[in-house]
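Residue strings, one per chain:
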Amino acid sequence: MLKARIGEPAGPLFRSLHLRLDRPAAVVVDYWTANAPRLRVRAEATDASAVVGLGRLRAGRTYRYQVRVIGTDGSPEPAFVGEFRTDTLPEDLAAISLTAAGAPSAPMALLLLSSPGGFQGYVAVNGTGAIVWYYRTVDLPFGIARRPDGNFIAMDKGRGLLELTPAGDVLRELAQDELDRNMHHDAIVTPANTVLFLAQDRRAYGDRTIVGEAIWEWDPETGEAVKRWSAHDFLDPAVDRTPQSTDGDWLHANALAIGSQGNILISLRRLNQVMSIAPGWNAIEWRLGGPGATITLAEGEPFTGQHTVAEVGPNRILLFDNRHELGGYSRAVEFELSDGQARQVWEWRPERDNFAFAVSSARRLPNGNTLVGFGMSSGLNGSTGPIEVYEVTREGLVIWHLLVEGPRIMYRAEPLETIAGEAIANPS
């Protein structure tokens, strides 16, 4: 015997399916709407009941769903069929225009959008440009990551760090502290399932107070937050600076990543520099670009104002080069580090140049393609615009393009495989 019911809307473009069985069993749920791929999610009802999340939904649509219980011999038993309807998008989100062309390999792109007076938050978009999930923030959406259980760690500049379920429920929260621990720009999940995040770090130098950077670690289960590293302990604000550096914003960190050896990569925009911090937090392994560099650029123009640094292979570093001091265009670029030098081994820029003075991203996908997001609207700090996202191959072929019209900025575009474990059923 199988009973199923759809609960009240659990969150934006998300539904929870409540199942009751006569015995513990595995279940398969298919759900679909017109002119869209059939989606499938699997679950285990360990105590003869289960709640199955249905994600990647389109707004204002009628969906049908089919639940099949898998028998002891592995074959599906008779199915239960029902239907539900999703809500329409809120007015400020519906006002954003999304135009897609091509076929991406990543199922979705997660856009971090900000429109003062309009929508601010996280928006998942499928390959056709349809919005299939969103979460509204109080202030800038800064950095989002995934825990192993599928929950999101999302930074809301006006609220703090949030652990979100796919349904958009806040399970745990580390409140923003703008005076002593002003969180900003990035948060990542560690192999130990804790969270590293960036925060401003103030220190007095005589009669001056200089705002530097720190890396903190948060354990959502215990609520404990500990400062792991401070730039003040390793850098000198009198020496390690550029004309962009100010007492109120000496370094302007904007990205974190974990390297293959457990080292931590940090991007410092004011210095036009990427650093590797040793796994024990007690030393800087190397400095690429900018003042005091221990790894020099072997050829080509330097990168400036960079974002989203990541280690994408042995001694391979990928970043988005804004070229904010050079102008003309921005790009995604990959360097190989060897014998104290960085050699450019890959670069991509669109056929129609796009100069993004700030924000933006470059993310390597599992198949070797790269998702590149240009996040500044036309005219903002001299940027050419538009806000757009490309998926490009290693050879530079564009296989997907998304044009985003309406927001002021898109902080990043992140690849997203799934909302709640769903996947396309029987993909061709």
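Treat the numbers as computed from the prediction; the structure is a model and nothing was measured.

J.: Pulling in residues and values, what's your account of the sheet that holds strand 14 (residues 160-164)?
T.: The strand order 12-13-14-15 describes an open sheet built from four strands, whose pairing is antiparallel. Looking at strand neighbours, the two that pair on one side only are strand 12 (141-146) and strand 15 (170-175), the edges of this open sheet. Direction aside, the axes of adjacent strands within the sheet are offset by 15° on average. Two strands pair when backbone bridges link them, and strand 14 and strand 15 are joined in this way by five bridges, in the antiparallel orientation. Pairing of Leu 162 across the sheet is with Glu 173, part of strand 15.

J.: Just give me the short version of the side chain of Arg 147, but keep the residues and values in it.
T.: Looking at the element boundaries, Arg 147 is found in the loop between strand 12 and strand 13 (152-156). Residue class for Arg 147 comes out buried when judged on its relative accessible area of 3%. A polar atom in the side chain of Arg 147 sits 3.2 Å from the side chain of Glu 163. Among the polar contacts made by the side chain of Arg 147, one reaches the side chain of Glu 221 at a distance of 2.9 Å. With residues near it in sequence (within four places) discarded, Arg 147 still touches Ile 153, Glu 163, Arg 172, Val 189, Asn 193, Pro 220 and Glu 221.

J.: Describe unusual backbone geometry, with residues and values.
T.: In this model, Gly 385 is joined to Pro 386 through a cis peptide bond whose omega is 0°. Mapped onto the secondary structure, Pro 386 falls in the loop between strand 30 (370-374) and strand 31 (387-392). We note that Trp 281 has phi near 70°; this positive angle belongs to a residue other than glycine. Turning to its location among the elements, Trp 281 is positioned in the loop between strand 22 (273-277) and strand 23 (284-288). Since its relative accessible area comes to 18%, Trp 281 is described here as buried. Positioned with a positive phi, Asp 339 is a non-glycine residue whose angle comes to about 50°.

J.: Residues and numbers for the packing of aromatic side chains, please.
T.: Tallying each qualifying case throughout the model produces 13 aromatic pairs. Taking the centre distance of 6.2 Å and the plane angle of 85° together, the rings of Phe 374 and Tyr 390 count as edge-to-face. Residue Phe 374 is found in strand 30, and its partner Tyr 390 is found in strand 31; the two are separated by 16 residues along the sequence. The exposure classification of Phe 374 matches that of Tyr 390, with both residues buried.

J.: Let's hear about the sheet that holds strand 11 (residues 131-136): which residues, and what values?
T.: Sheet architecture is open: four strands sit in the order 11-10-9-33, paired in antiparallel fashion. Only two strands of the sheet have a single partner each, and these edge strands are strand 11 and strand 33 (409-416). Ignoring which end each strand starts from, the neighbouring axes of this sheet average 20° apart. Direction of pairing for strand 9 (residues 108-114) relative to strand 10 (residues 120-126): antiparallel, over a ladder of seven bridges. Looking at strand 10, one finds that Leu 112 is bridged to Tyr 122.

J.: Quick one: what's the story with the pattern of salt bridges, residue by residue and with numbers?
T.: Evaluated as defined, the whole model comprises 28 salt bridges. With its nearest N and O atoms 2.8 Å apart, the salt bridge here joins Asp 321 to Arg 331. Separated by 10 residues along the polypeptide, Asp 321 in strand 26 (residues 316-321) and Arg 331 in strand 27 (residues 331-338) bring together distant segments of the chain. There is no split in this pair, since Asp 321 and Arg 331 are both buried. We note a salt bridge from Glu 334 to Arg 394, for which the minimum N-O separation is 2.5 Å. Taken together, the residues Glu 334 in strand 27 and Arg 394 in the loop between strand 31 and strand 32 (398-405) connect sequence positions 60 residues apart. Take Glu 334: its relative accessible area is 2%, and that puts it in the buried class. Owing to a relative accessible area of 32%, Arg 394 belongs among the partly exposed residues under this scheme. Taken together, the shared-partner salt bridges connect Arg 316, Glu 334, Glu 336, Arg 343, Arg 364 and Arg 394 into one network.

J.: Describe the pairing of strand 30, with residues and values.
T.: The element strand 30 is largely enclosed, with a buried count of five among its five residues. Covered by surrounding structure in strand 30 are Thr 370, Val 372 and Phe 374 together with Leu 371 and Gly 373, the residues of both alternating faces. If you look at the hairpin formed by strand 29 (residues 361-364) and strand 30, you'll find five residues sitting between the two strands, and Gly 368 has a positive phi there, around 95°. Pairing geometry for strand 30 and strand 31, over five bridges, is antiparallel. Across the sheet, residue Gly 373 finds its bridge partner in strand 31, namely Val 389.

J.: Break down the pairing of strand 31 for me, with residues and values.
T.: Summarising burial for strand 31: six of the six residues are buried, a large majority. Here strand 31 shows two buried faces, one formed by Ile 387, Val 389 and Glu 391 and the other by Glu 388, Tyr 390 and Val 392. Hairpin connection from strand 31 to strand 32: five residues lie between these consecutive antiparallel strands, with Gly 396 at a positive phi of about 90°.

J.: Break down the side chain of Arg 412 for me, with residues and values.
T.: Within the secondary structure, Arg 412 sits in strand 33. The class of Arg 412 is buried, set by a relative accessible area of 2%. Of note is the side chain of Arg 412, whose polar atom sits 2.9 Å from the side chain of Asp 186. Beyond its immediate chain neighbours, meaning those up to four positions away, Arg 412 contacts Leu 110, Leu 111, Leu 112, Gly 143, His 185, Asp 186, Asn 254, Ala 255, Thr 308, Ser 360, Ser 361 and Arg 363.

Procedures and definitions
- Residues numbered from 1 in each chain as written.
- Predicted model: local features only at pLDDT ≥ 70, side-chain atom pairs only at ≥ 80, totals over all residues.
- Heavy atoms only, no water.
- Pairing = 2+ DSSP bridges.
- Helix = DSSP H or I, 4+ residues; strand = E, 2+ residues; numbered from the N terminus.
- Axes fitted to C-alpha atoms, helices over the stretch in contact; angles between N-to-C directions.
- Buried < 20%, exposed > 50% of the residue type's maximum accessible area, 1.4 Å probe, protein only.
- Polar contact = N/O pair within 3.5 Å; in protein donor to acceptor, adjacent residues only side chain to side chain.
- Contact = heavy atoms within 4.5 Å.
- Phe/Tyr/Trp six-rings, centres within 6.5 Å; stacked < 30°, edge-to-face > 60°.
- Salt bridge = Lys/Arg side-chain N within 4 Å of Asp/Glu carboxyl O.

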